[in-house]
Amino acid sequence: MKLIIADSWKIRLNTEFEKPYFKELTHFVANEYEVNTCYPPEKQIFEAFNLCSFEDLKVVIIGQDPYHGEGQANGLCFSVNNAITHPPSLKNIFKEIKADIKIPNPESGNLERWAKQGVLLLNATLTVKAHEAGSHQKKGWEQFTDAVISLISEEKENVVFLLWGGYAQKKGKKIDSKKHCVLTSGHPSPLSANRGFWFGNNHFSTTNNYLKSKGISTLEW
């Protein structure tokens, strides 16, 4: 696995990269990409970090796994490549944005535009084998992304963490809520959203109101 990650993160995570678990993870991922079809493309494994520098970071959204269908995953949680049909969770995210801040649904489900504004779109597991959801879980990625969340919590302030669903909320338990804004709701998946746990959370307007209150530029969702 090639460690293609922006310098602003690399200098802060170097000690993590040297740990035995990460070296084992690197070996596992390299082998998986060699013998199987895996997503996202290898050069985009750390895309979330490459499009959102540590210095520019304003918001963190935590997902679980990359999409495992052909052409979908691009290294950003909930995001798909241009011209790819919007998955159900992403459709519900756009529906909530439309209801919350009156922005019409975009044609593209590529959330690169969010990342470039300072949103870290972080999956807990950064790789997956094609058509096998969760296939790269419990190999070390979760330990790495926990370290990323701890780093942000400790070294930044006034970051908005959007924790959607039980998995993300559990992963965000160590965030210092005195320094940061932590917003929680149900997951945008149809199972959760249709039971009333997603729609109406107003997370997008709440995020911008918080950023504005801290003198930080708001996001164009």
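One can find the structure itself at the top, above this paragraph.
Described in the following lines is the structure provided in the data block. None of these values were measured; they are calculated from a predicted model. (Residues numbered from 1 in each chain as written. Predicted model: local features only at pLDDT ≥ 70, side-chain atom pairs only at ≥ 80, totals over all residues. Heavy atoms only, no water.)

Before going further, it helps to examine helix α2 (residues 20-35). In this model, α2 (16 residues) spans 23 Å end to end at C-alpha, consistent with the 22 Å of a helix rising 1.5 Å per residue. Three or more residues of α2 are buried, namely Tyr21, Phe22, Leu25, Phe28, Val29, Glu32 and Tyr33. For α2, the buried positions fall inside an angular range of 125° around the axis, keeping them on one side. Facing away from the buried side of α2 by more than 90 degrees, the exposed set consists of Pro20, Glu24, His27, Glu34 and Val35. Of the surrounding elements, those touching the buried residues of α2 are α1 (7-17), β1 (38-39), β4 (128-129) and α6 (141-155). (Helix = DSSP H or I, 4+ residues; strand = E, 2+ residues; numbered from the N terminus. Expected span 1.5 Å × (residues − 1). Buried < 20%, exposed > 50% of the residue type's maximum accessible area, 1.4 Å probe, protein only. Arc of directions from axis to C-beta. Contact = heavy atoms within 4.5 Å.)

Side-chain pairs of opposite charge can arise where the charged atoms are in close proximity. As enumerated under the stated definition, the model contains seven salt bridges in all. In this structure, lysine 19 and glutamate 16 form a salt bridge, with 3.1 Å as the shortest nitrogen-oxygen distance. Under the relative-accessibility criterion, glutamate 16 is labelled buried at 9%. One salt bridge connects glutamate 132 with lysine 129, and the closest N-O pair in it is separated by 3.4 Å. On the accessibility criterion, glutamate 132 (38% relative accessible area) is partly exposed. The structure contains a network of salt bridges with shared partners spanning Arg12, Glu55 and Glu155. (Salt bridge = Lys/Arg side-chain N within 4 Å of Asp/Glu carboxyl O.)

So, on to the nonpolar core. With 68 residues, the main nonpolar core has Trp9, Phe49, Trp114, Leu120 and Phe144 as its most contacted residues. Setting aside chain neighbours within four positions, we find phenylalanine 144 in contact with Leu13, Glu16, Phe17, Tyr21, Phe22, Phe46, Phe49 and Leu126. (Core = buried A, V, L, I, M, F, W, Y, C linked by side-chain atoms within 4.5 Å.)

The strand order across the open sheet built from four strands is β3-β2-β5-β6, with neighbouring strands paired in parallel fashion. Only two strands of the sheet have a single partner each, and these edge strands are β3 (119-123) and β6 (181-185). Mean inter-strand twist for the sheet, computed between neighbouring axes without regard to direction, equals 20°. Of the pairings in the sheet, the one linking strand β2 (residues 59-63) to β3 comprises five bridges and is parallel in character. Residue pairing in the sheet places glycine 63 in a bridge with asparagine 123 of β3. Sheet contacts for α6: β2, β3 and β5 (160-164); angle to β3, the most-contacted strand, approximately 155°. Each of β2, β5 and β6 is contacted by helix α9 (residues 203-213), which is oriented at about 165° to β5, the strand it contacts most. (Pairing = 2+ DSSP bridges. Axes fitted to C-alpha atoms, helices over the stretch in contact; angles between N-to-C directions.)

Between tyrosine 39 and proline 40 the backbone carries a cis peptide bond, its omega angle lying at -5°. Along the polypeptide, proline 40 turns up in the loop between β1 and α3 (47-51). Here alanine 83, not a glycine, exhibits a phi torsion of approximately 75°, which is positive. Within the secondary structure, alanine 83 is located in the loop between β2 and α4 (88-101). Look at alanine 83 and you get exposed, because its relative accessible area is 82%. Despite not being glycine, lysine 138 shows a phi value in the positive range, around 60°. In this fold, lysine 138 is placed in the loop between β4 and α6. Residue class for lysine 138 comes out exposed when judged on its relative accessible area of 77%.

Our focus in this paragraph is the side chain of asparagine 110. Assignment of secondary structure puts asparagine 110 in the loop between α4 and α5 (112-115). One polar contact links asparagine 110 to asparagine 74, side chain to side chain, over a distance of 3.4 Å. In this view, asparagine 110 contacts Asn74, Leu76, Ser79, Val80, Asn81 and Asn82; residues no more than four positions away in its chain are not counted. (Polar contact = N/O pair within 3.5 Å; in protein donor to acceptor, adjacent residues only side chain to side chain.)

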